[in-house]
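Given next are the chains, with one letter for each unit.
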Amino acid sequence: MSKSLDFLTEALRRLPGVGPKSAQRMAFHLLQHDREGAAMLSRALYQAVDAVHHCAMCNTFAETEVCDTCLDEARDKALLCVVETPADQLMIEQTLTYKGLYFVLMGRLSPLDGIGPKDIHLDKLINRAADGVVGEVVLATNFTNEGEATAHYISEMLKARGLKVSRLARGVPVGGELEYVDAGTIARAMLDRRAT
Ligand SMILES: [Zn+2]
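Below is a short write-up of the structure.

**Section: the overall build of the protein**
Consideration 1: The helix and strand tally for the protein stands at eight helices and seven strands.
Consideration 2: By residue count, 39% of the 196 residues in the protein fall in the buried class.
Consideration 3: A fraction of 56% describes how many contacts in the protein between residues 6 or more apart in sequence connect residues 24 or more apart.

**Structural notes on the coordination of the zinc ion**
Consideration 1: Protein coordination of the zinc ion is provided by Cys55 (SG), Cys58 (SG), Cys67 (SG) and Cys70 (SG), with donor distances spanning 2.3 Å.
Consideration 2: If you look at the zinc ion, its four donor atoms make angles of 105 to 118° with each other, and the shape they trace is tetrahedral.
Consideration 3: Summarised as a motif, the one-chain spacing of the donors to the zinc ion is C-x2-C-x8-C-x2-C. Each member of the pair, cysteine 67 as well as cysteine 70, carries the same accessibility label: buried.

**Overview of the pattern of salt bridges**
Consideration 1: In this structure the tally under the stated criterion is 10 salt bridges.
Consideration 2: Note that glutamate 93 is salt-bridged to arginine 75, the shortest N-O span being 2.6 Å. Of the two residues, glutamate 93 sits in helix α5 (residues 86–95) while arginine 75 sits in the loop between α4 (68–71) and β3 (76–83), which places them 18 residues apart along the sequence.
Consideration 3: Since its relative accessible area comes to 25%, glutamate 93 is described here as partly exposed.
Consideration 4: Here the residues in one salt-bridge network are Asp72, Arg75 and Glu93, joined through shared partners.

What counts as what
Residues numbered from 1 in each chain as written. Predicted model: local features only at pLDDT ≥ 70, side-chain atom pairs only at ≥ 80, totals over all residues. Heavy atoms only, no water. Helix = DSSP H or I, 4+ residues; strand = E, 2+ residues; numbered from the N terminus. Buried < 20%, exposed > 50% of the residue type's maximum accessible area, 1.4 Å probe, protein only. Contact = heavy atoms within 4.5 Å. Donors = N, O, S within 2.8 Å, 3.2 Å for Na, K, Ca; no water. Tetrahedral: all angles 85-135°; square planar, octahedral: opposite > 155°, others 65-115°. Salt bridge = Lys/Arg side-chain N within 4 Å of Asp/Glu carboxyl O.

So, to be careful, I would describe these as geometric facts and stop short of saying anything about function.
Right, here's the structure in full:
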């Protein structure tokens, strides 16, 4: 049909959950009905890829070397909360009970999907947690099988280095993803966190 159209369809297929049919529908839609939107999408992608990096301290998305949260002087630097995603961090922030800092894994261990320790930046986490200021690492990965396995792995790894590690309490339901749990429950789980 058109080389450029094929290229666009291929590119759209890189989005999670998008197969050949829906990629083609999206491409047709953009070119037929929303050229302005298509141009905006292309600019936004270009700009984000260029500007967005990972915070040198907590690994979350940031446009500066160190993100605003990590630079916030009002935070308790002795507490480091490990979460899977920026969305999970946001959930914990919304509970207003946690005043420490974060480390964002940007994923979870998932051997079946080929996601190992390197893919979730555990080297960076070790360096961060062992800075001599962090006194307790709070594991707030999800209560799914993979989240639990990730918490266990990190716990063993950090305890082997003499660090104090705790886990969110079981207020969060089994299989629960923080993103979908209400703030009150997460707040309770944070207050009731237990040593691992
Ligand atoms: Zn940061």
